[in-house]
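Chain and residue survey
Read off the chains here:
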Amino acid sequence: MEQKTKINAEEGKQELVITREFDLSVELLFRAHAEPDIIAQWMSNPYSTAKVLKFEARKHGSYQLESTDAQGNVVFRSNGVIHEFIPNRKNHTDI
């Protein structure tokens, strides 16, 4: 059985490419990566609650996420840049 998640990390590069196959419509998958409420929902777990502090849904936009434990302590923060944002595309080869 072929893995649905593939990770490519080339030596000497600061880039990590994760490719994952999903069994659902492109539109629904895109919503899960483009709507802050849904992002917060799937980034949360039984031990921490995620919040999307910033999400600029556009090419060269940025994001900030934060997760807190039950006591309100920050346990994880992340931020970054959205390099590409093309609604409802299957993958980068569709461009």
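Residues numbered from 1 in each chain as written. Predicted model: local features only at pLDDT ≥ 70, side-chain atom pairs only at ≥ 80, totals over all residues. Heavy atoms only, no water.

1. Side note on the overall build of the protein chain
Tallying secondary structure elements over the protein chain gives 2 helices and 5 strands in all. When the helices and strands of the protein chain are placed in sequence order, the string is β-β-α-α-β-β-β. C-alpha extents for the protein chain along the principal axes are approximately 45 × 35 × 30 Å. Taking the intrachain contacts of the protein chain between residues at least 6 apart in sequence as the baseline, contacts between residues at least 24 apart amount to 18%. Accessible surface, the protein chain: about 7,900 Å² in total, of which carbon and sulfur atoms supply 50%. (Helix = DSSP H or I, 4+ residues; strand = E, 2+ residues; numbered from the N terminus. Contact = heavy atoms within 4.5 Å. Areas by Shrake-Rupley, 256 points an atom, 1.4 Å probe, with all protein chains shown as cover.)

2. Describing the side chain of Thr68
By the element assignment, Thr68 lies in strand β4 (residues 62-68). Not counting chain neighbours up to four residues away, the residues in contact with Thr68 comprise Tyr47, Ser48, Thr49, Asn73, Val74 and Val75.

3. Description of the pattern of salt bridges
Enumeration over the complete set of coordinates arrives at 4 salt bridges. For Lys13, the salt bridge is made with Glu10, and the minimal N-O distance between the two is 3.5 Å. Taking the shortest distance from any N to any O, the salt bridge between Glu66 and Arg77 comes out at 2.9 Å. Of the two residues, Glu66 is situated in strand β4 and Arg77 in strand β5 (residues 74-81); the sequence distance between them amounts to 11 residues. (Salt bridge = Lys/Arg side-chain N within 4 Å of Asp/Glu carboxyl O.)

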